[in-house]
Amino acid sequence: QVQPVESGGGLVQPGGSLRLSCAASGRTFRGYAMGWFRQTPGKEREFVAGISWSGDSTYYTDSVKGRFTISRDNAKDTVYLQMDSLKPEDTAVYYCAAGKNDPRTIPKAYGYDYWGQGTQVTVSS
C-alpha cells in the first residue's frame, strides 16, 4: 500500500512562500504520477498541480500558474510543492496523492488511488 505523508504546512503572510513535501511511507511512489490537491470547508477537493512519474510533464490549475512549482525526487521518493506569492485564497488543507501515470487523469481527483492525511496552509496577515 502506497501511503503519502505530507509536511511543511503552516501560517504565512500574503506574498510569502512555503514548500510542501510529500514522502512515501510503505510502498514506493515508483511508477506513479503524483498530485497536489486542496480543499476548504464546504467545497470540493480542487486539483492544484500534478507531475508525471518521470517528472517531464507538469500540470497546474490556472490560479496557481507562475506561483507554484511541483517537482519530485524519485531517488528520495519525495514530491514537493513550492508555493510563492501566496494569497489568502490559497488557504486550504493540501493533500498529496499518488495515481495513474496518464496525462488524461493527472488533473483529475478520480485518477488517484492513494491520498495523504493533508497539511493545513493558512495565508493571513
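Residues numbered from 1 in each chain as written. Predicted model: local features only at pLDDT ≥ 70, side-chain atom pairs only at ≥ 80, totals over all residues. Heavy atoms only, no water.

Trainee: Help me get a handle on the state of the cysteines, residues and values and all.
Mentor: Defined simply, a disulfide is a covalent bond joining two cysteines at their sulfur atoms. Under the criterion given, the structure shown has one disulfide. Residue pairing for cysteine 22: its cysteine sulfur links by disulfide to cysteine 96, the two sulfurs lying 2.0 Å apart. Judged by the sign of its S-S torsion, about -85°, the cystine formed by cysteine 22 and cysteine 96 is left-handed. Taken together, the positions of cysteine 22 in strand β3 (residues 18-26) and cysteine 96 in strand β9 (residues 92-99) put the pair 74 residues apart, joining distant regions of the chain. (Disulfide = S-S within 2.5 Å. Helix = DSSP H or I, 4+ residues; strand = E, 2+ residues; numbered from the N terminus.)

Trainee: Describe the side chain of threonine 119, listing the residues and the values that go with them.
Mentor: Inspection of the secondary structure assignment puts threonine 119 in strand β11 (residues 119-123). Other than its neighbours up to four places away in sequence, threonine 119 contacts Glu6, Gly8, Gly9, Leu20, Ala92, Val93 and Tyr94. (Contact = heavy atoms within 4.5 Å.)

Trainee: Hey, could you go over the sheet that holds strand β8 (residues 78-83) for me, with residue numbers and the actual values?
Mentor: Spatial ordering of the open sheet is given by β1-β3-β8-β7, a layout of four strands whose pairing is antiparallel. Of all the strands in the sheet, the pair left with one neighbour each is β1 (2-7) and β7 (68-73). Within this sheet the neighbouring strands show an average axis-to-axis angle of 20°, counted without direction. The pairing of β1 with β3 spans six bridges and is classified as antiparallel. Each residue of the ladder has a partner; that of serine 7, found in β3, is serine 21. (Pairing = 2+ DSSP bridges. Axes fitted to C-alpha atoms, helices over the stretch in contact; angles between N-to-C directions.)

Trainee: Hey, could you go over the packing of aromatic side chains for me, with residue numbers and the actual values?
Mentor: Overall, the coordinates contain five aromatic pairs when judged by the stated rule. Consider the rings of phenylalanine 37 and tyrosine 112, whose centres lie 5.1 Å apart with planes at 80°: the pair is edge-to-face. With phenylalanine 37 in strand β4 (residues 33-39) and tyrosine 112 in strand β10 (residues 112-115), the pair connects residues that are 75 residues apart, well separated along the chain. Among the residues examined, phenylalanine 37 registers a relative accessible area of 1% and is labelled buried. Residue tyrosine 112 is classed as buried on the basis of its relative accessible area of 5%. Members of the aromatic cluster, joined through ring pairs, are Phe37, Phe47, Tyr112 and Trp115. One cation-aromatic arrangement involves arginine 45 over tyrosine 95; the distance from NZ or CZ to the ring centre is 3.8 Å. Geometry around tryptophan 115 places arginine 45 over its ring, the cationic atom sitting 4.8 Å from the centre. (Phe/Tyr/Trp six-rings, centres within 6.5 Å; stacked < 30°, edge-to-face > 60°. Buried < 20%, exposed > 50% of the residue type's maximum accessible area, 1.4 Å probe, protein only. Lys NZ or Arg CZ within 6 Å of the ring centre and 35° of its normal.)

Trainee: Residue-level account of the pattern of salt bridges, with values.
Mentor: Applying the stated criterion across every chain yields a total of five salt bridges. Its salt-bridge partner being arginine 38, residue aspartate 90 comes within 3.0 Å of it at the nearest N-O pair. Taken as a pair, aspartate 90 in the loop between β8 and β9 and arginine 38 in strand β4 lie far apart in primary sequence, 52 residues in all. In this structure aspartate 90 comes out as buried when scored by relative accessible area, which is 0%. Judged by its relative accessible area of 7%, arginine 38 falls in the buried class. Here lysine 65 and aspartate 62 are joined by a salt bridge, their closest N and O atoms 3.0 Å apart. A relative accessible area of 61% means that aspartate 62 is categorised as exposed. (Salt bridge = Lys/Arg side-chain N within 4 Å of Asp/Glu carboxyl O.)

That is the geometry; function is a separate question.
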